[in-house]
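Structural features, examined
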Amino acid sequence: MKTTCLIFLVCLLSFGKRALAQNADTLKKEWIQNDINLVKTLDSVGKNNPAALEDFFLQPNNTMKPDTLGFGWTMFSRSRGAGYIRFNANFYHYRGKIVSYQLYSQATTKKELKQQYRQMLASLLPIDSGGIYYYKYHVDELLKPVANYNNAPGEHISTRHLTLMSPTDGIMYGYGGGPTPTMLDNRRIFNDSKDKLSNSEIIALMYAINPATRLMAFEYYLKYRKRFNNHKAIEAWMQEVYKNKPFIETISGCFIVQERAEKLVNWYRTVKTENF
């Protein structure tokens, strides 16, 4: 098991220190102006110009490699900050071409700036029910199966479960983790939906763009194999997926690691994820 980073502890410490510093310091006018300039720059680039927006987020470091989702799909995650706020963006590519992206931010916790920053961010991004400023570009293109899916009769997925196809809710496979164990969003969504899914819908999820969803569908199939009839075709596709994307990110405690997908699926099929 190869450790790639100490995510939760490092994030808690770094964000905690910055939050304390911001609360302790007086307002920094240059930070405010930097934030204003950043919002103006993003506005001038334009939300409907994904190539230019990605180029902006790639600077000054454009050497980082994308996450491979498998079957021609990749994902870039980038962020740009200025003073009291930071913008995050995820770009989704198919065979090197941008298909979709999502851009999001949160207002500063500085009481003196909340109203000003809410107005400033709202001029650029819509706000969701959780207080996150969010924009999604062509996300419907992520709700489709990978090209290998043959759309066989009876194998479909209902509209209410289509979000499981998309990588926007996270591409890490597992339960969750962190200093205070928290379930991964994609696991929670899958757990909430799986008992309402038909066999044909489970099969459709095996072809999701989201690699974690593909593995959770395999996991479900292996747990309830007797409920399915077309074992040969399903298991042939499982081997194709393992071959196409043999490793996937998972979390162990506070560590993000890369692990063999097939090994993880065979382990998670034996445990009750609902009890995490």
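These remarks concern the structure in this document. Each chain has its residues counted from 1, running along the sequence as written. Selection of residues for local features in this predicted model requires a pLDDT of at least 70, selection of side-chain atom pairs for listing and counting requires 80 or more, and totals for whole chains, interfaces and linings are taken over all residues. Water and hydrogen atoms were dropped before computing side-chain values, which therefore reflect all heavy atoms in the structure.

Below, the discussion takes up the environment of Asp-169. If you trace the backbone, Asp-169 turns up in the loop between strand E6 (133-137) and strand E7 (176-177). Three exposure classes are used, based on accessible area relative to the maximum for each residue type with a 1.4 Å probe and protein chains only: buried under 20%, partly exposed in between, and exposed over 50%. Relative accessible area serves as the criterion here: at 28%, Asp-169 is assigned to the partly exposed category. The spatial distance from the C-alpha of Asp-169 to the C-alpha of Asp-185 is 6.1 Å, given a sequence separation of 16 residues. The contact rule is simple, with two residues in contact once any of their heavy atoms fall within 4.5 Å. Every residue in contact with Asp-169, bar those within four places of it in the chain, is listed here: Thr-163, Asp-185, Asn-186 and Ile-189. Where helices and strands are cited, they refer to DSSP runs of H or I of at least four residues and of E of at least two residues respectively, numbered from the N terminus.

What counts as an axis is a line fitted to C-alpha atoms, over the stretch in contact for a helix, and the angles between N-to-C directions run from 0 to 180 degrees. Direction vectors running N to C along helix H7 (residues 211-223) and helix H8 (residues 231-244) enclose 145 degrees, while the axes themselves pass 11 Å from each other. Like other packed secondary-structure pairs, H7 and H8 cross with a definite hand, here left-handed. From H7, Arg-214, Leu-215, Phe-218, Tyr-221 and Leu-222 reach across to H8, where they touch His-231, Ile-234, Glu-235, Trp-237, Met-238, Val-241 and Tyr-242. Within the contact of H7 with H8, the residues separate by chemical class into nine nonpolar, one polar and two charged. Take the far helix as your reference; a near helix turned counterclockwise from it by less than a right angle gives a left-handed crossing, and one turned clockwise gives a right-handed crossing. Throughout this entry, Asp, Glu, Lys and Arg are counted as charged residues, while Ala, Val, Leu, Ile, Met, Phe, Trp, Tyr, Cys and Pro are counted as nonpolar. The remaining residues, Gly among them, count as polar.

Note: two strands are recorded as paired if DSSP finds a minimum of 2 bridges between them. Judged from the six bridges that link them, strand E9 (residues 247-252) and strand E10 (residues 255-260) form a sheet pairing that is antiparallel. Across the sheet, Ile-248 pairs through a bridge with Glu-259, a residue of E10. Hairpin connection of E9 to E10: two residues between the antiparallel strands, including Gly-253 at a positive phi of 65 degrees.

What follows concerns the sheet that holds strand E3 (residues 73-81). Reading across the sheet, the five strands line up as E2-E3-E4-E5-E6 and stay open at both edges, with antiparallel pairing between neighbours. Two strands bound the open sheet, and with one partner strand each, they are strand E2 (67-70) and E6. Taking each pair of neighbouring strands and ignoring which way they run, the sheet shows an average axis angle of 20 degrees. Pairing of E2 with E3, which is carried by three bridges, proceeds in the antiparallel orientation. Residue pairing in the sheet places Gly-70 in a bridge with Trp-73 of E3.

Attention now goes to the pairing of E6. Only one face of E6 is covered, namely the one carrying Tyr-133, Tyr-135 and Tyr-137; the face carrying Tyr-134 and Lys-136 has none of its residues buried. In terms of strand pairing, strand E5 (residues 97-105) meets E6 through five bridges, oriented antiparallel. Bridging from a neighbouring strand, Tyr-101 pairs with Tyr-137 of E6.

A few words now on the packing of helix H2 (residues 29-45) against helix H3 (residues 50-58). Their axes nearest at 9 Å, the elements H2 and H3 cross at an angle of 145 degrees. The residues of H3 that touch H2, namely those facing Leu-38, Thr-41, Leu-42 and Val-45, are Ala-52, Leu-53, Phe-56 and Phe-57. A breakdown of the residues in the contact of H2 with H3 according to their chemical character gives seven nonpolar, one polar and no charged.

The next thing to look at is empty space enclosed by the protein. Think of a ball as big as a water molecule: rolled over the atoms, this probe shows where empty space is left. Both cavities and pockets are sets of points on a 1 Å grid over the protein atoms alone; in a cavity a 1.4 Å probe fits but cannot get out, in a pocket the set is open with protein on both sides within 12 Å along at least five of seven lines, and lining residues sit with an atom within 4 Å of a point. Grid points are joined across faces, edges and corners, and a volume is the space filled by probe spheres set on the points. This model, assessed by the stated rule, comprises two cavities of 30 Å³ or more. Counted as a void, the largest cavity has a volume near 40 Å³. Lining of the largest cavity is provided by Thr-163, Leu-164, Ser-166, Asp-169, Asn-186, Ile-189, Asn-210 and Thr-213. Residue classes in the lining of the largest cavity are distributed as two nonpolar, five polar and one charged. Counted as a void, the second largest cavity has a volume near 30 Å³. Lining the second largest cavity are Phe-190, Lys-194, Glu-219, Tyr-220, Lys-223 and Tyr-224.

With that out of the way, let us pick up H7. When the terminal C-alpha atoms of H7 are compared, their 19 Å separation across 13 residues agrees well with the 18 Å that a helix rising 1.5 Å per residue should span. The element H7 is extensively covered by neighbouring structure, given that twelve of its 13 residues are classed as buried. All of the buried residues in H7 are Pro-211, Ala-212, Thr-213, Arg-214, Leu-215, Met-216, Ala-217, Phe-218, Glu-219, Tyr-220, Tyr-221 and Leu-222. Looking at the buried side of H7, the elements it contacts are E2, helix H5 (185-193), helix H6 (199-205), H8, E9 and helix H9 (261-268). The backbone nitrogen of Ala-212 has a side-chain oxygen 2.9 Å away, supplied by the residue at the start of H7, namely Asn-210. Expected helix span is given by 1.5 Å per residue-to-residue step, counting one fewer step than there are residues. Each polar contact in these results corresponds to two N or O atoms within 3.5 Å; when the atoms are within protein, one needs to be able to donate a hydrogen and the other to accept it, and residues that are neighboring in sequence are counted only if both atoms are side-chain atoms.

As a further point, take the environment of Asn-148. You can see Asn-148 is positioned in the loop between E6 and E7. Sequence separation of Asn-148 and Phe-71 is 77 residues, and the distance between their C-alpha atoms is 8.2 Å. In contact with Asn-148, not counting residues within four places along its chain, are Phe-71, Tyr-207 and Trp-237.

Nothing here speaks to function; it is all geometry.
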